[in-house]
Amino acid sequence: MKKYDVTALGELLIDFTENGKSNQGNPLFEANPGGAPCNVLAMLAKLGHNTAFIGKVGNDFFGEQLRSAIKEVGIDDTGLCTDEKIHTTLAMVHTYPDGDRDFSFYRNPGADMMLNKAEICEDILKNTKIFHFGTLSMTHEGVREATKEAIHIAEEAGAIISFDPNLRPPLWESMEEARKQVLYGLGHCQILKISDNEIQWLTGEEDYSDGVNWIRERYQIPLILVSMGREGSRAYYNEMMVEVKPFLQDNTIETTGAGDTFCGCVLHYVCEHGINGLKEENLAEMLTFANAAASIITTRKGALRVMPEEKEIKLLI
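Everything numeric in this text was worked out from a predicted model, so none of it was measured.

Each value, and the rule that gives it
- Residues numbered from 1 in each chain as written.
- Predicted model: local features only at pLDDT ≥ 70, side-chain atom pairs only at ≥ 80, totals over all residues.
- Heavy atoms only, no water.
- Helix = DSSP H or I, 4+ residues; strand = E, 2+ residues; numbered from the N terminus.
- Buried < 20%, exposed > 50% of the residue type's maximum accessible area, 1.4 Å probe, protein only.
- Polar contact = N/O pair within 3.5 Å; in protein donor to acceptor, adjacent residues only side chain to side chain.
- Contact = heavy atoms within 4.5 Å.
- Axes fitted to C-alpha atoms, helices over the stretch in contact; angles between N-to-C directions.
- Parallel < 35°, antiparallel > 145°, perpendicular 65-115°, else oblique.
- Left-handed = near helix turned anticlockwise from the far one by under 90°.
- Nonpolar A, V, L, I, M, F, W, Y, C, P; charged D, E, K, R; others polar.
- Arc of directions from axis to C-beta.
- Disulfide = S-S within 2.5 Å.
- Salt bridge = Lys/Arg side-chain N within 4 Å of Asp/Glu carboxyl O.

Q: I'd like a rundown of unusual backbone geometry, residues and numbers included.
A: With an omega of 0°, the peptide bond running from Asn108 to Pro109 counts as cis. For Pro109, the position within the fold is in the loop between β7 (101-106) and α3 (122-126). Positive phi values are uncommon outside glycine, yet Asn166 reaches one of about 45°. Overall, Asn166 belongs to the buried group, its relative accessible area being 11%.

This is the structure we're talking about:
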């Protein structure tokens, strides 16, 4: 059986990203392959890791495009199922002048949320070093059950569990339900990557360190990473807090995939060095590399197909 460094479960979808205007002045959209968990794997595959994805697409043109895209970047598609009835999930991404964005999802239902417990590929999960997931696969009951089953199998096999809430409020029945599932994720991970606005929403604390302490009082998570956009990032580990400034780019066009690229680089570091006995210089090295990679991706349309090379990242550093 093949061994994997990182396996992820979740959404694989088409991000329709604005790309200029037509002769008639209508907005043009580019159909970029996307979905946070696969973006994370794409970065890892670019850095030479064996990766596998578990999820679901529709039996349609977009589903075929997505399957070929992940295979093209080196992600194992054995765990990717096809739904015969429900179409591939789509997201329209509106980009603001500062590169930030707004999402409109076509997912009522979408194929990614049709994954069920019986379709989980156990062999992949039993042979992976790290298992990564988010909350888009926890918005609806069937796929939530599948996600929790996958977490259970990976935990039993001794994998390190990594979690990025990647909150998308429009996809939840209520923010109370979202909170409940985020707390479930916190109870099952050793690595947490959370954004500045997510930690404030979850904990009610304005200060990120206060927010991390709120989480730590309730959950035993060894490594917590807070991504702060234009402010850089932080790692909290044991009694240490390390902050690294961002690499700001003049030619940033959109921030889609920046957090996923960052997360992929963190998991790359853990694959190489493990999660025990990290020192301050390790955390600084990890964050510097991850911040640099994330800044490069903001200069490109899409993410999954255009992850930076290791030499590009080191050149920027």
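Q: Lay out the side chain of Asn282 with the relevant residues and their values.
A: Locating Asn282 in the fold gives a position in helix α9 (residues 280-297). At 3.2 Å, the side chain of Asn282 and the side chain of Tyr269 are in polar contact. Contacts of Asn282, omitting those with residues within four sequence positions, involve Tyr269 and Gly277.

Q: Account for the packing of helix α6 (residues 196-203) against helix α7 (residues 208-218), naming residues and giving values.
A: Taken N-terminus to C-terminus, the directions of α6 and α7 make an angle of 55°; their axes are 9 Å apart at the nearest point. By the criterion of interaxial angle, the relationship of α6 to α7 is oblique. Helix-helix and strand crossings are classified by hand; for α6 and α7 the assignment is left-handed. The residues of α7 that touch α6, namely those facing Asp196, Ile199, Gln200, Leu202 and Thr203, are Tyr208, Gly211, Val212, Trp214 and Ile215. Its residues placed into classes, the contact of α6 with α7 shows six nonpolar, three polar and one charged.

Q: Explain α6 residue by residue, including any values.
A: Listed as buried for α6 are Glu198, Ile199, Leu202 and Thr203. Down the axis of α6, the buried side of the element spans an arc of 105°, and every buried residue falls inside it.

Q: For the state of the cysteines, give the residues involved together with the corresponding values.
A: What the rule picks out here adds up to zero disulfides. Counting only cysteine sulfurs, Cys265 is the nearest neighbor of Cys263, a cysteine outside any disulfide, at a range of 9.3 Å. For Cys263, a relative accessible area of 2% corresponds to the buried category.

Q: How would you explain the pattern of salt bridges if you had to name every residue and give the values?
A: As enumerated under the stated definition, the model contains 15 salt bridges in all. Measuring nitrogen to oxygen at the nearest pair gives 3.0 Å for the salt bridge that ties Lys56 to Glu119. Here Lys56, found in strand β4 (residues 51-58), pairs with Glu119, found in the loop between β7 and α3; they are 63 residues apart in sequence, far enough to count as distant. A relative accessible area of 5% means that Lys56 is categorised as buried.

Q: Before we move on, could you go through the packing of helix α4 (residues 141-156) against helix α5 (residues 175-186) and cite the residues and values that matter?
A: α5 packs onto α4 with a crossing angle of 15° between their chain directions and a minimal axis gap of 12 Å. Our classification of the angle between α4 and α5 gives roughly parallel. As α4 runs across α5, the sense of the crossing is left-handed. Contact residues: α4 offers Arg144, Lys148 and Ile151, while α5 offers Glu177, Gln181 and Tyr184. When grouped by side-chain class, the residues that make up the contact of α4 with α5 number two nonpolar, one polar and three charged.

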